[in-house]
Amino acid sequence: LPGNPNDVSLPGLVQVVTLDLNNIAGSTVVDVALPSADLAAAGCDFPGDPQPEFADVRGTTVVVSLQENNGIAVIDLADSLQPSLVRIFSTGVKANQRADLTEDDAISLTETYPTDVVGLVDGGGNPATPGTRNPDAIALNAAGTVVFSADEGELNFTGGRGASAWDLQG
């Protein structure tokens, strides 16, 4: 679960593989780090654990979902031997909507999501923000100017199985 203090995996990163089809041994793998300072500055949920999930490439632009962090990374591949992290941005919290948040076997859209959700905690027992999108699958439009995310969430009252669209600046 996100925030679980027993998670001992190393922080995630993105690897760019450039194949040399004439000399496979000459192929390269370059790591693109997702620094905790950049995740923290963007307002991501777990800056010490980027958790890259899915990636999509259009031209020289790569977008990567940082699901549990509620963020997206944008990488420039103009030089595949020296790819660069352009930015990380938070996907924020969804707008309020009418909802039925009470499990009482009656459908009643009398509450407001995410405002009326209280007491949400992550896997480590830390307070969590209701309504975070937690982008999972991700894709760029054909022009590479719009990022689409399938918002899954990891906890109750996050994600909402929705979809969002972003420009490359977030």
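Parameters and conventions
- Residues numbered from 1 in each chain as written.
- Predicted model: local features only at pLDDT ≥ 70, side-chain atom pairs only at ≥ 80, totals over all residues.
- Heavy atoms only, no water.
- Helix = DSSP H or I, 4+ residues; strand = E, 2+ residues; numbered from the N terminus.
- Buried < 20%, exposed > 50% of the residue type's maximum accessible area, 1.4 Å probe, protein only.
- Polar contact = N/O pair within 3.5 Å; in protein donor to acceptor, adjacent residues only side chain to side chain.
- Contact = heavy atoms within 4.5 Å.
- Core = buried A, V, L, I, M, F, W, Y, C linked by side-chain atoms within 4.5 Å.
- Salt bridge = Lys/Arg side-chain N within 4 Å of Asp/Glu carboxyl O.

Draft legend 1. Fine view of the side chain of Asp-56. Looking at the secondary structure, you find Asp-56 in strand 3 (residues 55-58). What makes Asp-56 buried here is its relative accessible area of 14%. Of note is the side chain of Asp-56, whose polar atom sits 3.3 Å from the side chain of Arg-58. Each residue touching Asp-56, except ones within four places of it in the same chain, is listed here: Thr-61, Val-62, Val-63, Ile-138, Ala-139 and Leu-140.

Draft legend 2. Quick look at the nonpolar core. Within the largest apolar cluster, 13 residues are counted, with the highest numbers of intra-cluster contacts made by Leu-34, Val-64, Leu-66 and Ile-88. Sorting the residues of this core by element identifies strand 1 (14-18), strand 4 (61-66) and strand 5 (71-76) as the ones contributing at least two each. In terms of residues, this core owes the most to one element, strand 4, which gives three residues. Residues within four places of Leu-66 in sequence aside, it is in contact with Leu-34, Leu-39, Pro-50, Gln-51, Pro-52, Gly-71, Ile-72, Ala-73, Ile-88 and Pro-135.

Draft legend 3. Expanded view of the pattern of salt bridges. Going through the model one piece at a time under the given rule, you end up with one salt bridge. Asp-56 is the salt-bridge partner of Arg-58, the closest N and O atoms lying 3.3 Å from each other.

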